[in-house]
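Given next are the chains, with one letter for each unit.
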Amino acid sequence: MDILLVLENYLVHGWLFALIHLGLAVLVIQKSRSIDGELQGLKSWIPGDAGKTECTGVLAQFVEESEHWGRHGILVPSTDFTDRLDSRVSGLIDGISSLVNLFLVVGVAGTFVGLFDFAQAMATQLNIGGDPTGLIGASLSSGLAKALPVSIVGIFFTISGHIFVSILEARLKSAVTGATQRAMKYRRQSSTSLAEAIREA
């Protein structure tokens, strides 16, 4: 496969779909920057810090409640907070994954447009009463030459995008796990037993 020829046809004949792919790429970059902001916030967060991102905000609230209720011998359950963290992570990853999947959808749309051009050329030839036999091969190859590069580039962007998202997801989940462990350690340190709380009262 001549990659340069594919790219040339993609940019020349599929320029509209190339612009759509470019727009999707910009949106993916914006989403990835948002995820990177959460990632950096989680890495730098320590118990006692105010949360600057949504994830660290949840952890800061957990630490605050643990500190408050821990003095009274009450252990704050972490289930609600971890569920909220999981929901935030899933929302971020699902959002960027949906954008990545659109690369393939746009590529398939480009293929259908090429086939439509071929069908239209055949219909025009039949309407003028000409013999379409000689034009079938030429029109079909011309239509596919315009359409298939869009699909090929769309598949490439989709595969590359999913690899990128998988790496991003692994890093984000690792950062969430590390920050959660720090919060849980702080809860243990700030909690007193119920007997001690009664004695102090």
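The structure presented is a predicted model; accordingly, all values stated were derived computationally and were not measured.

Student: Mind showing me how you'd approach the overall build of the protein chain here?
Tutor: If you tally the helices and strands in the protein chain, you get 6 helices and 0 strands. Here the protein chain, with 201 residues, has 34% of them falling under the buried criterion. Restricting the contact set of the protein chain to residue pairs at least 6 apart, pairs at least 24 apart contribute 76%. About 11,900 Å² of surface is accessible on the protein chain, with carbon and sulfur atoms providing 64% of the total.

Student: Looking at this model, I keep getting lost on helix 1 (residues 3-12). Mind explaining?
Tutor: Spacing of three or four residues puts side chains on the same side of an α-helix, whose turn is 3.6 residues. The set of residues buried in helix 1 consists of Val-6, Asn-9 and Tyr-10. Down the axis of helix 1, the buried set is contained in an arc of 105°. They therefore lie on one face. In helix 1, the exposed positions angled more than 90 degrees off the buried face are occupied by Leu-4 and Leu-11.

Student: Would you explain the packing of helix 1 against helix 2 (residues 15-44) in this entry?
Tutor: For any two helices packed against each other, one specifies the crossing angle of their axes together with the interaxial distance. Taken N-terminus to C-terminus, the directions of helix 1 and helix 2 make an angle of 95°; their axes are 5 Å apart at the nearest point. The orientation of helix 1 with respect to helix 2, classified from their angle, is roughly perpendicular. For the pair formed by helix 1 and helix 2, the contact residues are Tyr-10, Leu-11 and Val-12 on the first element and Trp-15, Phe-17, Ala-18 and His-21 on the second. Along the lines of polarity and charge, the residues of the contact of helix 1 with helix 2 split into 6 nonpolar, 1 polar and no charged.

Student: Just to check I follow, could you spell out the pattern of salt bridges for this structure?
Tutor: Close approach of charged atoms allows side chains with opposite charge to pair. As enumerated under the stated definition, the model contains 4 salt bridges in all. Note that Glu-54 and Arg-88 form a salt bridge whose closest N and O atoms lie 3.4 Å from each other. Placement of Glu-54 in helix 3 (residues 54-70) and of Arg-88 in helix 4 (residues 79-127) is noted, with a sequence separation of 34 residues between them. Note on Glu-54: relative accessible area 48%, which makes it partly exposed. You can call Arg-88 partly exposed: its relative accessible area is 22%.

Student: Help me understand helix 2, please; the structure alone is not making it clear to me.
Tutor: With 30 residues, helix 2 ought to run about 44 Å at 1.5 Å a step, and its terminal C-alpha atoms sit 43 Å apart, in line with that. Taken together, the buried positions of helix 2 are occupied by Phe-17, Ala-18, His-21, Leu-24, Val-28, Ser-32, Ile-35, Glu-38, Leu-39, Gly-41 and Leu-42.

Student: I tried to follow the nonpolar core on my own but got confused; where do I start?
Tutor: Note that soluble globular proteins tend to have their nonpolar side chains buried in a common cluster. Residues Ile-35, Leu-42, Trp-45, Leu-59 and Leu-172 are the most contacted members of the largest nonpolar core, which totals 36 residues. Put simply, the parts of the chain that give this core at least two residues each are helix 2, helix 3, helix 4 and helix 5 (133-190). Beyond its immediate stretch of four places on either side in the chain, Leu-42 contacts Cys-55, Thr-56, Leu-59, Leu-172, Ala-175, Val-176, Ala-179 and Arg-182.

Rules behind the numbers
- Each chain carries its own residue numbering, running from 1 in the direction its sequence is written.
- Residues qualify for local features only when their pLDDT is at least 70, as the model is predicted, and side-chain atom pairs are given and counted only at 80 or more; totals for whole chains, interfaces and linings, by contrast, use all residues.
- Side-chain descriptors were evaluated using all non-hydrogen atoms of the structure, hydrogens and water having been removed beforehand.
- Note on conventions: DSSP H or I runs of at least 4 residues are helices, E runs of at least 2 residues are strands, and numbering of each starts at the N terminus.
- Working definition: with a 1.4 Å probe on protein chains only, accessible area under 20% of the residue-type maximum means buried, over 50% means exposed, and in between means partly exposed.
- Throughout, a residue-residue contact means that at least one pair of heavy atoms, one from each residue, lies within 4.5 Å.
- Surface exposure here means Shrake-Rupley accessible area, sampled with a 1.4 Å probe, where a residue is shielded only by the protein chains that are shown.
- Note that the arc is computed from the directions linking the helix axis to the C-beta atoms.
- Axis angles are defined between N-to-C directions and span 0 to 180 degrees, where every axis is a line fitted to C-alpha atoms and, for a helix, only to the segment in contact.
- Should an angle fall under 35 degrees it is taken as roughly parallel, and over 145 as roughly antiparallel, whereas 65 to 115 is taken as roughly perpendicular and any remaining angle as oblique.
- Note that Gly is not counted as nonpolar here; it falls among the polar residues with everything else outside the nonpolar set of Ala, Val, Leu, Ile, Met, Phe, Trp, Tyr, Cys and Pro and the charged set of Asp, Glu, Lys and Arg.
- Salt bridges are defined by distance alone: a side-chain nitrogen of Lys or Arg within 4 Å of a carboxyl oxygen of Asp or Glu.
- To estimate how far a helix should reach, multiply one less than its number of residues by 1.5 Å.
- For this analysis, a nonpolar core means a set of buried residues of the types Ala, Val, Leu, Ile, Met, Phe, Trp, Tyr and Cys, connected via side-chain atoms within 4.5 Å.

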